[in-house]
Amino acid sequence: MEGKGNFFPVTILDNPSPHADYAKLENFGPLRSLIKYGTIDEAIEIANSTDYGLGGSVWGRDPAELDAVAHRMEAGTVWINQHLVVNPNVPFGGNKDSGFGVQYGAEGLKEYCYLRVISAKT
């Protein structure tokens, strides 16, 4: 690409092995893997096979099935028919090696607070 800096073009990987590093690692650049699957169980197994779990999305038409799949995903946030919608009133955080704790929402504010417990025998 022209110009100063290090640029990486938007790239979609068409059906890579689900075991490839670029399919399993937590990419923060314009790189996405589109992996084919045969059953919903297989799709969930592929999605959960990574050591990371910051966020994921589920797309479809059946609200009950989408909800069931979202509840089986091992991610801090699962969006349904949308992706990366972050609201400052809603907690956002990871799962597995994607981090511990949350930001945003009341729960996120508590991350900046110290808890003090005073226990007295009277």
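A quick note: this is a predicted structure, and the numbers were derived from the prediction, not measured.

Description of the overall build of the protein chain
1) Next: When helices and strands are counted, the protein chain shows 4 helices and 6 strands.
2) Next: The order of helices and strands in the protein chain, counted from the N terminus, is β-α-β-α-β-α-β-β-β-α.
3) Next: Against the 2.2 N^0.38 benchmark of 14 Å for 122 residues, the protein chain shows a C-alpha radius of gyration of 19 Å, more extended than a compact globule.
4) Next: Along the first, second and third principal axes, the C-alpha atoms of the protein chain reach 70 × 45 × 25 Å.
5) Next: Classification of the 122 residues of the protein chain by burial places 17% in the buried group.
6) Next: Within the protein chain, counting contacts between residues at least 6 apart in sequence, those at least 24 apart form 28% of the total.
7) Next: In the form shown here, the protein chain has an accessible surface area of approximately 9,700 Å², with 54% of it arising from carbon and sulfur atoms.

Comments concerning the nonpolar core
1) Next: Counting residues in hydrophobic clusters, the biggest one holds 6 residues: Ile44, Val58, Leu66, Val69, Ala70 and Met73.
2) Next: For this core, the element with the most residues is helix α3 (residues 63–72), which contributes 3 residues.
3) Next: In this structure Leu66 touches Val58, Trp59, Gly60, Arg61, Ile80 and Asn81, once residues within four positions along its chain are discounted.

Calculation notes
- Residues numbered from 1 in each chain as written.
- Predicted model: local features only at pLDDT ≥ 70, side-chain atom pairs only at ≥ 80, totals over all residues.
- Heavy atoms only, no water.
- Helix = DSSP H or I, 4+ residues; strand = E, 2+ residues; numbered from the N terminus.
- Rg over C-alpha atoms; globule rule 2.2 N^0.38 Å.
- Buried < 20%, exposed > 50% of the residue type's maximum accessible area, 1.4 Å probe, protein only.
- Contact = heavy atoms within 4.5 Å.
- Areas by Shrake-Rupley, 256 points an atom, 1.4 Å probe, with all protein chains shown as cover.
- Core = buried A, V, L, I, M, F, W, Y, C linked by side-chain atoms within 4.5 Å.

In short, the description is geometric, and any link to function would need to be established separately.
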